[in-house]
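Listed below, chain by chain, are the residues.
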Amino acid sequence: MKPDIIVVGAGGHAKVCIELLHAMGESIRFCVGGDAGPDHCLGIQVLHGDEHLASLRPEGYTRAFVALGDNRLREKLGTKCVDLGYQLVNAISPQAVVSPSAKLGTGIAIMAGAVINASSTIADLAIINTGATVDHDGQIGRTAHIAPQCALAGNVVIGDQVFLGIGTKVIPNIVVGARSTVGAGTVILRNIPENSLAMGVPAKIIETEGK
């Protein structure tokens, strides 16, 4: 088996994740990107088309990282990688602070300056972006994305596939329901239902699917 990692994605988010993996001492063999786009990403050859994920497995590649900022697409391709037999690896910056009591899933990205405090849980394929903080007992759902400079107080629960825009602030004991999107700079003082769009100071529900 080959130790090199296959990175799924070749855009700006992939560039950040590639540098995280390099900082961890990892080696990356290929990026797998869309049908269009550049042929190299930070000097790494880009293979165009998701079908390459299947063809690389028989060659002995077993480790993958899904470097896509879009939550639903990351879910789709992360699941595809696992179904093909890849092990999802984590990309965690040496400049991040992660509590030894935190529980980390697989395929997650934790960027420089992020802080994960005591007894928090980060589920598979989640992103904790640059300078974001998750205080004690936080729960971050599968394929959620906590954007740069977000600040989550203690006991906050973020559902699967939630996107918190840059600079979002969340007071203690709040639940943000699955698949919701929160606009940049929002201050969340009350629970957000599933499938909602919220923004403002304080947060206001703009719409909720199915209602």
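Report follows, based on the coordinates.

Parameters and conventions
Residues numbered from 1 in each chain as written. Predicted model: local features only at pLDDT ≥ 70, side-chain atom pairs only at ≥ 80, totals over all residues. Heavy atoms only, no water. Salt bridge = Lys/Arg side-chain N within 4 Å of Asp/Glu carboxyl O. Helix = DSSP H or I, 4+ residues; strand = E, 2+ residues; numbered from the N terminus. Phe/Tyr/Trp six-rings, centres within 6.5 Å; stacked < 30°, edge-to-face > 60°. Buried < 20%, exposed > 50% of the residue type's maximum accessible area, 1.4 Å probe, protein only. Expected span 1.5 Å × (residues − 1). Arc of directions from axis to C-beta.

**A word on the pattern of salt bridges**
Thought 1: Counted under the stated rule, the structure contains 4 salt bridges.
Thought 2: What you see here is one network of salt bridges that share partners, running through Glu75, Asp124 and Arg142.

**Observations concerning the environment of glycine 43**
Thought 1: Secondary-structure assignment places glycine 43 in the loop between strand 3 (40–41) and strand 4 (44–48).
Thought 2: Expressed as a C-alpha distance, the spacing of glycine 43 and threonine 133, which sit 90 residues apart in the sequence, is 31 Å.

**Here's the deal with the packing of aromatic side chains**
Thought 1: For the coordinates displayed, the defined rule picks out 1 aromatic pair.
Thought 2: Ring plane angle 70 degrees and centroid distance 6.2 Å describe the contact between phenylalanine 30 and tyrosine 61, whose orientation is recorded as edge-to-face. Of this pair, phenylalanine 30 sits in strand 2 (residues 28–33) while tyrosine 61 sits in strand 5 (residues 61–66), and the two are 31 residues apart along the sequence. Here phenylalanine 30 matches tyrosine 61 in class, with each residue buried.

**Examining helix 1 (residues 12–23)**
Thought 1: For helix 1, spanning 12 residues, the distance from its first C-alpha to its last is 17 Å, which sits close to the expected 16 Å at 1.5 Å a residue.
Thought 2: Along helix 1, the residues classified as buried are His13, Ala14, Cys17, Ile18, Leu20 and Leu21. Viewed end-on, helix 1 has its buried residues packed into an arc of 160 degrees, placing them on one side of the element.

**Describing unusual backbone geometry**
Thought 1: Between valine 201 and proline 202 the backbone carries a cis peptide bond, its omega angle lying at -5 degrees.
Thought 2: Residue aspartate 137 is not a glycine yet carries a positive backbone phi of 65 degrees.
Thought 3: The residue aspartate 137 is located in the loop between strand 14 (133–134) and strand 15 (139–140) in this model.
Thought 4: We note that asparagine 195 has phi near 60 degrees; this positive angle belongs to a residue other than glycine.
Thought 5: In this fold, asparagine 195 is placed in the loop between strand 23 (187–188) and strand 24 (196–199).

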